[in-house]
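Next come the chains, spelled out residue by residue.
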Amino acid sequence: MMHPALALAVPARQSAILIVDDAPDSVGLLQDMMRQQGYQTFVASTGKRALDIALRVQPDLILLDVRMPDLDGLEICRRLKRAPDTAHIPVIFISDCGETEDVVAGFDTGAADYIAKPVRMAEVCVRVRAQLRLRSNSDSQKQQAERLQLIVDGMDEGLMLVDADGCIAFANPASEGFLAQPRRLLAGRPLCDLVEPPADRDYAAFFANPWDEQAAARCRGTREVRLRQPDGTLRAIDLGLSPMAGDEGLFVILLHDITHHKQSETALQHAALVDPLTRIANRRHFDAFLEKEWQRAIRSSQPLSLIVIDVDHFKGYNDSLGHAAGDTCLQAIAAALQSHALRPTDLAARYGGEEFVVLLADTSCPSAARLGETIRAHIEQLAMPNPRADGAGVVTASVGVACIVPTLFDDIRSLFISADRAMYEAKARGRNQVVMMPTGAPPEPEPEPKPVRDGHSGR
């Protein structure tokens with residue numbers, strides 16, 4: 001009856017075993033037993049032959065006798081382990097040299113196991129099966145590691161491992177693109193050195209004390225940061241940080257490029273604040289800018305001036321030349337205004353229809369009035385013919401100017417009311433001129449009721 005240790009099912013994949021022995025009886029016995037277990041066998045009776053077969057057929061395991069006619073088993077094992085293509089193959093020594101020093105020498109050469117002769121076949125089979133199982137597990141782990149490496153190397157997102165001190169321990173190839181520098185230069189760099197303020201301080205505080213709940217709340221998870229490139233430019237990134245599962249000392253960093261998203265977001269914000277016809281600021285942008293500059297003027301006690309410009313006889317211009325010509329006219333006037341709003345605190349905007357505004361921070365009333373006259377003259381010098389215009393026969397504008405040094409007790413609407421009233425006074429006086437009015441002072445005479453501000457008014 002076959003020993004239970006030998007009654008094994010044939011493996012799903014036939015493993016290959018190389019038997020290296022110069023004794024025909026031993027070879028025959030081992031070969032028969034291995035075949036009964038369902039293994040494919042190869043035989044070598046010399047060391048050189050064994051090395052050649054091992055290299056060519058890549059067996060899953062080698063049964064190796066220590067005493068061989070040309071190269072002894074210890075030297076064969078050393079050569080197998082030195083060669084990259086055979087180093088991974090487990091070797092079991094089978095020898096009649098069973099002293100302790102012989103066994104130790106066998107393991108020192110890299111053998112996986114050592115069986116002393118005379119062999120017991122059940123023991124050989126069990127040990128072979130154990131080594132093949134270890135080899136299979138090792139190969140599986142290696143394949144998984146290689147597959148994982150391929151995934152990590154092929155990721156579009158940057159992936160980094162950061163140690164407990166906040167220094168980069170690993171970076172995948174995509175990280176090189178995100179940080180514009182090779183991985184070898186990233187190794188050992190503190191993460192906070194690559195991040196722009198204020199996020200850099202948050203990450204430095206977190207790695208200094210990961211148990212700080214406030215620091216952890218700011219850093220764990222995903223947040224938008226700016227990464228500093230070697231040339232000084234900044235790149236918008238979503239940075240995700242989480243502890244590595246099962247490892248108290250490592251953190252996983254994921255980098256996702258949001259440059260295109262930020263560009264699209266900026267473009268959308270720009271579109272929301274720009275008049276689509278004239279390509280200068282729209283009313284929404286102007287109102288927000290006015291609120292900001294009003295508060296700044298209160299804090300600094302500096303004057304804030306507003307110029308309101310309304311195109312004269314624009315309805316007649318549209319009726320005579322058509323709306324396409326009217327659009328071209330408004331675009332030319334917008335460009336003229338934009339050329340005079342040169343400081344960061346200046347803003348030219350289309351406020352509605354044929355009405356434009358220019359806001360001037362830190363600008364006194366006389367200076368604002370002079371700029372208003374420059375703008376009026378510039379529009380007239382554009383020399384756009386207007387068949388319905390009086391006098392000059394070209395497109396002109398009426399300009400109202402108001403100025404205030406606001407306080408907390410003033411109403412922001414008062415500045416616009418005064419400039420609007422000044423503009424209507426300019427129209428009442430014959431158009432194509434500039435009128436300056438102190439904020440809050442009533443005009444003389446009282447202007448006619450203000451028409452609707454659109455492209456069809458009769459201004």
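Keep in mind that this is a model prediction, so the values were computed, not measured.

What follows covers the packing of helix α1 (residues 24-36) against helix α5 (residues 121-154). Between two packed helices, both the angle of their axes relative to each other and the distance between the axes serve to describe the pair. Where α1 meets α5, the closest approach of the two axes is 11 Å, and the angle between their N-to-C directions is 55 degrees. Between α1 and α5, the angle falls in the class oblique. In terms of crossing hand, the pair formed by α1 and α5 is right-handed. Only Met 121, Val 124, Cys 125 and Val 128 of α5 make contact with α1, whose side of the interface consists of Leu 29, Leu 30, Met 33 and Met 34. Residue classes in the contact of α1 with α5 are distributed as eight nonpolar, no polar and no charged.

We now examine helix α15 (residues 413-428). In this model, α15 (16 residues) spans 22 Å end to end at C-alpha, consistent with the 22 Å of a helix rising 1.5 Å per residue. The buried fraction of α15 amounts to 12 of the 16 residues, a majority that puts the element mostly inside the structure. Remark: Gly 430 follows α15 within two positions and exhibits a positive phi of approximately 120 degrees.

We now examine the packing of helix α12 (residues 314-321) against helix α13 (residues 323-338). For the pair α12 and α13, interaxial distance at closest approach is 7 Å and the crossing angle is 135 degrees. In terms of orientation, α12 lies oblique with respect to α13. Contacts between α12 and α13 involve Phe 314, Tyr 317, Asn 318 and Leu 321 on the former and, on the latter, His 323, Ala 325, Gly 326, Cys 329 and Leu 330. Looking at the contact of α12 with α13 residue by residue, the classes come out as six nonpolar, three polar and no charged.

Here the amide bond leading from Lys 117 into Pro 118 is cis, since omega sits at 0 degrees, within 30 degrees of zero. Look at the link from Pro 197 to Pro 198: it is a cis peptide, with omega at 0 degrees. Tracing the sequence through the fold places Pro 198 in the loop between α7 (183-186) and α8 (199-208). One non-glycine residue with positive phi stands out, namely Ala 383, at about 55 degrees. Inspection of the secondary structure puts Ala 383 in the loop between α14 (365-381) and β14 (397-404). The class for Ala 383 is partly exposed, based on a relative accessible area of 45%. One non-glycine residue, Asn 432, lies in positive phi territory at about 55 degrees. With respect to the secondary-structure elements, Asn 432 resides in the loop between α15 and β15 (434-438). Owing to a relative accessible area of 22%, Asn 432 belongs among the partly exposed residues under this scheme.

For the chain, the mean per-residue pLDDT works out to 84, and 88% of the residues sit at or above 70. Every residue in residues 1-12 is under pLDDT 50, and counting partners more than four places away or in other chains gives 18 contacts. Within the model, the stretch residues 440-458 combines pLDDT values under 50 with 37 contacts to residues more than four positions away or in other chains.

Let us now look at the pairing of strand β8 (residues 221-228). Of the pairings in the sheet, the one linking β8 to strand β9 (residues 234-243) comprises eight bridges and is antiparallel in character. Following the sheet pairing, Arg 228 is matched in β9 by Leu 234. Once β8 ends, the chain turns through five residues before running back antiparallel as β9, passing Gly 232 with a positive phi of about 95 degrees.

The rules behind each value
Residues numbered from 1 in each chain as written. Predicted model: local features only at pLDDT ≥ 70, side-chain atom pairs only at ≥ 80, totals over all residues. Heavy atoms only, no water. Axes fitted to C-alpha atoms, helices over the stretch in contact; angles between N-to-C directions. Helix = DSSP H or I, 4+ residues; strand = E, 2+ residues; numbered from the N terminus. Parallel < 35°, antiparallel > 145°, perpendicular 65-115°, else oblique. Left-handed = near helix turned anticlockwise from the far one by under 90°. Contact = heavy atoms within 4.5 Å. Nonpolar A, V, L, I, M, F, W, Y, C, P; charged D, E, K, R; others polar. Expected span 1.5 Å × (residues − 1). Buried < 20%, exposed > 50% of the residue type's maximum accessible area, 1.4 Å probe, protein only. pLDDT = per-residue confidence, 0-100. Pairing = 2+ DSSP bridges.

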